Amino acid sequence: MPIHPTAIVDPSARIAESACVGPYTIIGADVEIGARTELKGHVFLEGPLEIGEDNVFYPYSTVGVAPQDLKYRGERSSTKIGNGNRIREFVTIHRGTEAGGMLTSIGDDNLLMAYVHVAHDCAVGSHTVIGHAATLGGHVTVFDWAVVSAGSAVHQFCRIGRHAIVGGFSVITQDVLPYSTTLSTREVKVFGENKIGLERRGFSPESTGALHKAMRLLTRGELNTSQAIERIRAELGASAEVDHLLEFISQAERGFHK
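Since this is a predicted model, take the numbers as computed values, not measurements.

Definitions and limits used
Residues numbered from 1 in each chain as written. Predicted model: local features only at pLDDT ≥ 70, side-chain atom pairs only at ≥ 80, totals over all residues. Heavy atoms only, no water. Helix = DSSP H or I, 4+ residues; strand = E, 2+ residues; numbered from the N terminus. Rg over C-alpha atoms; globule rule 2.2 N^0.38 Å. Buried < 20%, exposed > 50% of the residue type's maximum accessible area, 1.4 Å probe, protein only. Areas by Shrake-Rupley, 256 points an atom, 1.4 Å probe, with all protein chains shown as cover. Lys, Arg positive; Asp, Glu negative; His and termini not counted. Charge placed at Lys NZ, Arg CZ, Asp CG, Glu CD. Pairing = 2+ DSSP bridges. Phe/Tyr/Trp six-rings, centres within 6.5 Å; stacked < 30°, edge-to-face > 60°. Lys NZ or Arg CZ within 6 Å of the ring centre and 35° of its normal. Salt bridge = Lys/Arg side-chain N within 4 Å of Asp/Glu carboxyl O.

Asks: Hey, could you run me through the overall build of the chain in this one?
Replies: A count of helical and extended segments in the chain gives four helices and 26 strands. What you see for the chain is a C-alpha radius of gyration of 25 Å, clearly larger than the 18 Å of a compact globule of 258 residues, by over 25%. Scored against the burial criterion, the 258 residues of the chain give a buried share of 44%. Entry remark: accessible area of the chain is about 14100 Å², with carbon and sulfur atoms responsible for 53%. Within the chain, the 29 negative side-chain charges are centred at a point lying 6 Å from the centre of the 24 positive side-chain charges.

Take a look at the structure:
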């Protein structure tokens with residue numbers, strides 16, 4: 001059982017001989033770790049916590065700690081994690097509460113990307129992907145093969161149906177249908193040139209003025225992009241900044257915000 005000498009392991013922890021405990025890891029009381037599970041280092045585990053086989057926990061992940069629920073009064077709740085999961089950097093998984101069945105659970109073969117938060121009493125199935133910095137509020141259920149993309153927030157008690165995909169940076173306040181592609185409304189507005197920032201970086205009034213006119217033609221007129229570019233070239237003359245702006249537009253493979 002390779003346990004790094006800098007790791008701190010409670011005597012009551014049960015660790016399989018083939019598991020690997022990396023440097024500066026802290027394993028608390030009543031933690032069970034299955035075969036071939038690897039804690040790469042700086043991992044914090046607190047029980048009651050059951051971890052299955054062939055999992056990989058990356059540095060600074062924290063699993064099984066007390067929930068951020070003001071109703072929690074220290075009841076002996078637990079966390080259970082299955083087999084073959086990849087728990088990336090700074091992931092936090094909190095144990096359950098009395099109001100939610102006393103258990104937070106993760107199934108098998110899931111990928112939880114960096115900074116994911118799984119709150120108390122969540123039930124994550126198997127073969128899911130939870131993207132960077134996504135947040136599952138308390139009592140959330142994620143069914144098998146679902147994807148919750150980066151930066152999304154799922155409200156308490158919501159369910160993400162099987163084989164569903166939630167688009168990035170979505171705010172989910174109701175259940176997401178199985179097999180669906182679901183995305184919350186996103187609105188991006190361009191408010192013109194970064195006038196103050198450009199002035200602070202020494203751009204001349206002539207340069208910022210040209211950019212101001214170009215931005216207005218691009219974003220606030222009734223012209224389409226081709227018409228706006230034609231007007232910019234006709235009216236503004238030579239300007240390194242405007243030339244760069246137009247070159248940037250010409251290379252936009254996914255379009256650009258207007």
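Asks: Sorry if this is basic, but what is going on with the sheet that holds strand β21 (residues 147–148) here?
Replies: What links the strands of a sheet is backbone hydrogen bonding, and the strands pair in either a parallel or an antiparallel sense. One open sheet holds the nine strands; their spatial order is β3-β6-β9-β12-β15-β18-β21-β24-β26, and the pairing between them is parallel. Only two strands of the sheet have a single partner each, and these edge strands are β3 (20–21) and β26 (181–182). Inspection of the sheet shows β21 paired to strand β24 (residues 165–166) by two bridges, in the parallel sense. Each residue of the ladder has a partner; that of Val147, found in β24, is Ile165.

Asks: Would you mind showing me how to read the packing of aromatic side chains here?
Replies: The description of an aromatic ring pair rests on the distance of the ring centres and on the angle between the ring planes. On inspection of all chains with the given rule, the structure shows two aromatic pairs. Each ring, one from Phe90 and one from Tyr115, has its centre 4.9 Å from the other, and the planes form 10°; the classification is stacked. Of this pair, Phe90 sits in the loop between β12 (86–87) and β13 (92–94) while Tyr115 sits in the loop between β15 (111–112) and β16 (117–118), and the two are 25 residues apart along the sequence. Every member of this aromatic cluster is reached through a ring pair, and the members are Tyr60, Phe90 and Tyr115. When the ring centre of Tyr58 is taken as reference, the NZ or CZ atom of Arg88 above it lies at 3.7 Å.

Asks: Sorry, what's going on with the sheet that holds β16 here?
Replies: If you walk across this open sheet you meet the nine strands as β1-β4-β7-β10-β13-β16-β19-β22-β25, and the pairing is parallel. Two strands in the sheet have a free side with no partner beyond their single neighbour: β1 (8–9) and β25 (171–172). Judged from the two bridges that link them, strand β4 (residues 26–27) and strand β7 (residues 44–45) form a sheet pairing that is parallel. Across the sheet, the residue bridging to Ile26 is Phe44, located in β7.

Asks: What is the right way to look at the pattern of salt bridges in this model?
Replies: Any two side chains of opposite charge can pair if their charged atoms end up close together. Going through the model one piece at a time under the given rule, you end up with 13 salt bridges. Ionic pairing is found between Glu46 and Arg95, a salt bridge with its closest N-O pair at 2.9 Å. Here Glu46, found in the loop between β7 and β8 (49–51), pairs with Arg95, found in the loop between β13 and β14 (103–106); they are 49 residues apart in sequence, far enough to count as distant. The exposure class assigned to Arg95 is buried, which follows from its relative accessible area of 11%. Between Glu89 and Arg88 there is a salt bridge; the shortest N-O distance is 2.9 Å. When its relative accessible area of 28% is taken as the criterion, Arg88 is described as partly exposed.

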